[in-house]
Amino acid sequence: MQHWTDSALGHYLLEWEQQRCDEAVADIFGYHAVQLGLPQLQGLRSNRMPHRWLALHAGETVADAKINPKASTVAQAGQVSGVEQDLPRPGGDAVRPSLVTDAAALPFAESSLDLLLMPHTLESSADPHAALREAARVLVPEGRLVICGLNPASLLGLQRGVERSAGHLPDLSLGVGYWRLRDWLRLLSFEIEAVQFGCYRPATQSTQWLARWQFMEKLGHRCWPVLGGVYCVVAVKRVQGMRMLTPSWRGRNAPASMQAPVTSKQPPDTVWCELSRQNKHDLRK
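All residue numbers refer to positions counted from 1 along the written sequence of the respective chain. Owing to the predicted nature of the model, reporting of local features is limited to residues with pLDDT of at least 70; listing and counting of side-chain atom pairs is limited to 80 or more, with chain, interface and lining totals taken over all residues. Excluding hydrogens and water, the side-chain values take into account all heavy atoms of the structure.

A.B. asks: Would you mind going over the pairing of strand E4 (residues 113–119) in detail, with residue names and values included?
C.D. replies: Across the seven residues of E4, seven count as buried, placing the element largely inside the fold. Whether two strands pair comes down to DSSP finding at least two bridges between them. Comment: elements are numbered from the N terminus, with helices defined as DSSP H or I runs of at least four residues and strands as E runs of at least two. As defined by bridge partners, strand E1 (residues 32–36) adjoins E4 across three bridges and the pair is classed as parallel. Looking at E4, one finds that Gln 35 is bridged to Leu 117. As judged from the six bridges shared by E4 and strand E5 (residues 139–150), these two strands associate in the parallel manner. Its bridge partner lying in E5, Met 118 is registered against Ile 147. Relative accessibility decides the category of a residue: with a 1.4 Å probe and only protein chains considered, values under 20% of the type maximum give buried, values over 50% give exposed, and everything between is partly exposed.

A.B. asks: Before we move on, could you go through the packing of helix H4 (residues 128–138) against helix H6 (residues 178–187) and cite the residues and values that matter?
C.D. replies: Between two packed helices, what matters for the description is the angle formed by their axes and the separation of those axes. The convention used is that axes are lines fitted to C-alpha atoms, helices contributing only their stretch in contact, and that angles between N-to-C directions extend from 0 to 180 degrees. In contact at an axis separation of 10 Å, H4 and H6 are set at 40 degrees when each is read in the N-to-C sense. The orientation of H4 relative to H6 falls into the category oblique. Both H4 and H6 take part in a crossing whose hand is right-handed. On H6, the residues that touch Pro 128, His 129 and Leu 132 of H4 are Leu 181, Trp 184 and Leu 185. Looking at the contact of H4 with H6, its residues break down into five nonpolar, one polar and no charged. The scheme is simple: roughly parallel for angles under 35 degrees, roughly antiparallel for over 145, roughly perpendicular for 65 to 115, oblique for anything else. With the far helix as reference, a near helix turned anticlockwise by less than a right angle produces a left-handed crossing, and one turned clockwise produces a right-handed crossing. In this description, contact between two residues means that some pair of their heavy atoms is separated by no more than 4.5 Å. Gly counts as polar in this scheme, as do all residues outside two lists: the nonpolar Ala, Val, Leu, Ile, Met, Phe, Trp, Tyr, Cys and Pro, and the charged Asp, Glu, Lys and Arg.

A.B. asks: How would you summarise a nonpolar patch on the surface if you had to cite specific residues and measurements?
C.D. replies: Taken together, the side chains of Trp 209, Trp 213, Phe 215 and Leu 219 define a hydrophobic patch exposed on the protein surface, amounting to about 390 Å² of accessible area. Structurally, Trp 213 is set in the loop between helix H7 (207–212) and helix H8 (215–223). Taking the relative accessible area as the measure of exposure, Trp 213 reaches 30% and is therefore partly exposed. Here, patches come from residues exposed beyond 30% relative accessible area and free of salt bridges, joined within 9 Å for like charges and within 5 Å for nonpolar side chains (Val, Leu, Ile, Met, Phe, Trp, Tyr). Each accessible area is a Shrake-Rupley estimate made with a 1.4 Å probe; only the visible protein chains count as cover when residues are assessed. Salt bridge, as used here: a side-chain nitrogen of Lys or Arg that lies within 4 Å of a carboxyl oxygen of Asp or Glu.

A.B. asks: So what's going on with H6? Which residues, and what values?
C.D. replies: Taken together, the buried positions of H6 are Tyr 178, Leu 181, Trp 184 and Leu 185. Along the axis of H6, the buried positions cluster into a sector of 120 degrees, meaning they face one direction only. H6 presents Arg 180, Arg 186 and Leu 187 as exposed residues on the side facing more than 90 degrees away from its buried surface. One or two residues past the end of H6 sits Ser 189, with phi positive at roughly 65 degrees. This arc is taken over the directions from the axis of the helix to the C-beta atoms.

A.B. asks: Give me the lowdown on unusual backbone geometry, citing residues and values where you can.
C.D. replies: Not every positive phi belongs to a glycine, and Ser 111 is a case in point at roughly 55 degrees. For Ser 111, a relative accessible area of 33% corresponds to the partly exposed category. Positioned with a positive phi, His 120 is a non-glycine residue whose angle comes to about 60 degrees.

A.B. asks: Describe the sheet that holds E5, listing the residues and the values that go with them.
C.D. replies: Taken in spatial order, the seven strands of this open sheet run E3-E2-E1-E4-E5-E7-E6, and their pairing is mixed. Each edge of the open sheet is held by one strand with a lone partner, namely strand E3 (97–100) and strand E6 (190–198). This sheet shows a mean twist of 20 degrees between the axes of neighbouring strands, independent of strand direction. Across the sheet, H4 lies against E4, E5, E6 and strand E7 (230–237), angled at about 150 degrees from E5, the strand it touches most. H6 rests against E5, E6 and E7 of the sheet, and its axis sits at about 165 degrees to E6.

A.B. asks: Hey, could you go over the pattern of salt bridges for me, with residue numbers and the actual values?
C.D. replies: The final tally for this structure, using the stated rule, is eight salt bridges. Between Arg 48 and Asp 27 there is a salt bridge whose closest N-O contact spans 3.6 Å. Of this pair, Arg 48 sits in the loop between E1 and strand E2 (51–56) while Asp 27 sits in the loop between helix H2 (8–25) and E1, placing them 21 residues apart in sequence. The residues Arg 48 and Asp 27 share a single accessibility class, namely exposed.

See the structure below:
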């Protein structure tokens, strides 16, 4: 995906995803967090877990985490130009690459991760459903799964269908739509906690034109919110609880000393009435 993330459009999409990831992972607590792929996005920089790792896909290198200084983001347009800048702006919070792995075969034990971030991982995976099953395996119960992906049912997807030869546009043919992703997550016992759509501007290679189309953000969020070019989903792994089966105490026989419970005795009034009837019968004789 590096063929389009180095462009102005790619920086525009990554900037929106960076903000959503910072908001999503800030209040997720635990011990172990992993980001799968896309080192240009520092999705775990706002998280406070003690153990955070960045796993690269086959073909990705550490140099991919460096942002091209010639392509400026929309936020930098008109403010900072020609200055080399990395996405992980907070210096000490940047997570460095730690391992190379496959999303469908993670080298982690079952129920060992508290947070798993998958930015465009399903699109680059040969079997996205297998990658989701692997995510469900390594996450602990109540663990969080954050997924960022391209939305095929969007203005960006429509523009990609018209301009098939445009190199600056991402390939949405491998993208997993939100509705399909929601069904897959439900099958794997995930519950969607939050979802956001964004990036409603038309795709262009010019930073100036992206800045001019800024009004499309509020308009698209209000009029067609589910047609954003990118989505960010936060899901929770749910595990059904268990109820211990206790022995049936009612079926057991009571001990010999408890054959006549107190509640089965006749009340005093009944005994007194029987004695009175017996005395009257003796007097008549």
